[in-house]
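# Structure assessment
Listed below are the residues making up each chain.
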Amino acid sequence: MDKRKGIIVSRQIMDSQKLHPEATGELTGLLNELIVAGKIISAEVNMAGLADILGQSGKTNIQGEEVQKLDEFANQTIKRRMEQCGYICAMGSEEDDGVIPVLDGYEGKYTVAFDPLDGSSNIDVNVSIGTIFSVHRRKSRGKHGKMSDLLQKGRDQVGAGYIIYGSSTMLVYTTGDGVYGFTLDPSVGEFFLSHPDIKIPERSKYYSVNEAYTKYWYDNTRAYIEHLKDLDYRGERSYSLRYIGSLVSDFHRNLITGGVFVYARDKKSTDKPEGKLRLLYEAAPLAMVVEQAGGRAITDDGRNILDIEPTDLHQRVPLIIGSKEEVDLAEKYFTGPV
Ligand code: AHG
Ligand code: MN
Ligand code: MN
């Protein structure tokens, strides 16, 4: 067994910090704050099915508090934790339009962008959901953080990861020196290292895509997915489809078992010409994780997700992410004739 298995998450973060002699401990502090928020959300997610029952009226729970929707709860929990932690100057959330300020006097040198609860269609049906986060160093000077501090490319992230609320709660994160996975022991409220130095299998036999949209796909998406299925017919490799419908869960599955997740541009809705997923708090953080694990993340015109200069907090981006060999193949389909 790996000797580090079982160590607690704060030690792993501190050990990573030691690789950067210039570090002051603020990133360590910030990650620890995010982890506490994740534990609070995890506890609430585990109570999800009971909230209405305990609330009787459906509006208040047993303590007389209003029952919140889980994604609102997750958003509030992270914002409250972050606004007073002293390590960030601004936040961006999927659930809020613009820059979210921190409390006056608590400005720090980082920014955080997050999807408080990814997989909204799965929240009420007991299927894995998660929180995705992305951390950048602030660029602007002055007291308050600005939009420009949030609009930074994925390549400049100093940390990224997610907390998945599944059959167990897991934290997966990177600060640029490998990917580490921790499992929450709910009896003591501590994350223990369960997946040291995660590497995504280089070739795989799973693909994840919403295949019901086939009729809305562009030709290259259709040809790529057909190629994967044809391999099956020729017996070279037998692909299986896995689509959970929460990005964080589909991604996590593919990270561990190998696989490719595809959400390319399609003709389904005219208001989402770039696909559905968001660059800053979905695609970019998962792209950092996958690259650190040996995989790849590109757009459907072959750009590396991490090299995209964001122009909008909520901009969408076509995403092909996962095992290297399957993304290499996708790149051929998406950048020219095969
Ligand atoms: P969110 O719940 O944060 O709005 O994200 C939902 C996203 C993502 O998690 C998932 O991969 C995708 O929606 C699924 O979309 P389709 O239903 O169009 O397949
Ligand atoms: Mn999401
Ligand atoms: Mn969400």
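Residues numbered from 1 in each chain as written. Chains lettered and ligands numbered in written order. Predicted model: local features only at pLDDT ≥ 70, side-chain atom pairs only at ≥ 80, totals over all residues. Heavy atoms only, no water.

### What about the site of ligand 1?
Around ligand 1 sit 17 residues, and of these Asp118, Ser120, Tyr213, Tyr243 and Tyr263 come closest. Between Lys276 and ligand 1, the recorded distance is 3.0 Å, taken from a side-chain N or O atom to an oxygen atom. Isolated, ligand 1 exposes 470 Å² of accessible area, and the fraction of that covered by the protein chains is 86%. Of all the elements in the fold, those that place two or more residues in the shell around ligand 1 are strand E3 (110–118) and strand E11 (260–263). Among the elements that line the shell around ligand 1, the one with the most residues is E3, at three residues. Among the residues forming the shell around ligand 1, the class breakdown is seven nonpolar, five polar and five charged. Counting only domains with at least three residues in the shell around ligand 1, you end up with domain 1 (9–195) and domain 2 (206–335). (Near = heavy atom within 4 Å. Polar contact = N/O pair within 3.5 Å; in protein donor to acceptor, adjacent residues only side chain to side chain. Areas by Shrake-Rupley, 256 points an atom, 1.4 Å probe, with all protein chains shown as cover. Helix = DSSP H or I, 4+ residues; strand = E, 2+ residues; numbered from the N terminus. Nonpolar A, V, L, I, M, F, W, Y, C, P; charged D, E, K, R; others polar. Domains from an automatic or database assignment.)

### Thoughts on the domain arrangement of the chain
Each assigned domain of the chain is listed with its residue range as follows: domain 1 (9–195) and domain 2 (206–335). For domain 1 and domain 2, the distance between their C-alpha centroids amounts to 24 Å. With 43 residues of domain 1 at the contact, the number on the domain 2 side is 32 residues. Carbon and sulfur atoms supply 64% of the area buried between domain 1 and domain 2, which totals about 2,700 Å² over both sides. For the pair domain 1 and domain 2, the interface holds three salt bridges. Here Glu309 makes a salt bridge to Lys153, at a shortest N to O gap of 4.0 Å. The interface formed by domain 1 and domain 2 contains 16 residue pairs in polar contact (both at pLDDT 80 or more). (Contact = heavy atoms within 4.5 Å. Buried area = accessible area lost by both parts, 1.4 Å probe. Salt bridge = Lys/Arg side-chain N within 4 Å of Asp/Glu carboxyl O.)

### Brief notes about the coordination of the manganese ion (ligand 3)
Surrounding the manganese ion (ligand 3) are the protein donor atoms Glu94 (OE), Asp115 (OD) and Leu117 (O), which sit 2.1 to 2.3 Å from the metal. Between consecutive donors of the manganese ion (ligand 3), the numbers of intervening residues give the motif E-x20-D-x1-L. If you look at the manganese ion (ligand 3) and the manganese ion (ligand 2), they sit 3.7 Å from each other and are both ligated by Asp115. Accessibility assignment for this pair places Asp115 and Leu117 in one class, buried. (Donors = N, O, S within 2.8 Å, 3.2 Å for Na, K, Ca; no water. Buried < 20%, exposed > 50% of the residue type's maximum accessible area, 1.4 Å probe, protein only.)

### Section: the sheet that holds strand E5 (residues 157–165)
Strand order across the open sheet formed by eight strands is E2-E1-E3-E4-E5-E6-E7-E8, with mixed pairing between neighbours. Each having just a single partner strand, strand E2 (100–101) and strand E8 (190–195) make up the two edges of the open sheet. One ladder, built from six bridges, connects E5 with strand E6 (residues 169–174); its direction is antiparallel. Bridge assignment links Ala160 to a residue of E6, and that residue is Thr174. Each of E3, strand E4 (129–137), E5, E6 and E8 is contacted by helix H7 (residues 247–257), which is oriented at about 100° to E5, the strand it contacts most. (Pairing = 2+ DSSP bridges. Axes fitted to C-alpha atoms, helices over the stretch in contact; angles between N-to-C directions.)

### A few points about the packing of aromatic side chains
Under the counting rule described, the total for this entry stands at eight aromatic pairs. Summarising the aromatic geometry, the rings of Tyr162 and Phe251 are spaced 5.8 Å apart at their centres and angled 90° between planes, so their arrangement reads as edge-to-face. Of this pair, Tyr162 sits in strand E5 while Phe251 sits in helix H7, placing them 89 residues apart in sequence. Phe251 shares its class with Tyr162; the two are buried. Grouped by ring-pair contacts, the aromatic residues Tyr173, Tyr180 and Phe182 constitute a single cluster. Sitting over the face of the ring of Tyr206, Arg253 holds its NZ or CZ atom 4.5 Å from the ring centroid. (Phe/Tyr/Trp six-rings, centres within 6.5 Å; stacked < 30°, edge-to-face > 60°. Lys NZ or Arg CZ within 6 Å of the ring centre and 35° of its normal.)

### A closer look at the environment of Arg11
Within the secondary structure, Arg11 sits in helix H1 (residues 9–18). Residues Arg11 and Thr28 lie 17 residues apart in sequence; the distance between their C-alpha atoms is 9.7 Å.

### What to know about the side chain of Asp118
Mapped onto the elements, Asp118 comes out in strand E3. In this structure, Asp118 is buried with no salt-bridge partner, the nearest side chain bearing the opposite charge being Lys276 at 8.1 Å. Within polar-contact distance, the side chain of Asp118 engages the backbone nitrogen of Leu247 at 3.1 Å. Other than its neighbours up to four places away in sequence, Asp118 contacts Ile129, Gly130, Ile132, Ser246, Leu247, Val248 and Glu282. (Lys, Arg positive; Asp, Glu negative; His and termini not counted.)

### Examining the pairing of E11
Burial along E11 is two-sided: the face carrying Val260 and Val262 and the face carrying Phe261 and Tyr263 are both buried. With two bridges connecting them, strand E9 (residues 206–208) and E11 associate as parallel partners. The residue bridging Ser208 from the neighbouring strand is Phe261, located in E11. Where E11 and strand E13 (residues 319–322) come together, four bridges link them in antiparallel fashion. By the bridge assignment, Val260 is partnered in E13 with Gly322.

### Things to note about the sheet that holds strand E12 (residues 296–298)
Ordered in space as E10-E9-E11-E13-E12, the five strands form an open sheet in which the pairing is mixed. Looking at which strands have only one partner, the edges of the open sheet turn out to be strand E10 (240–241) and E12. Relative to the sheet, helix H8 (residues 279–292) contacts E12 and E13, its axis offset from that of E13 by approximately 30°.

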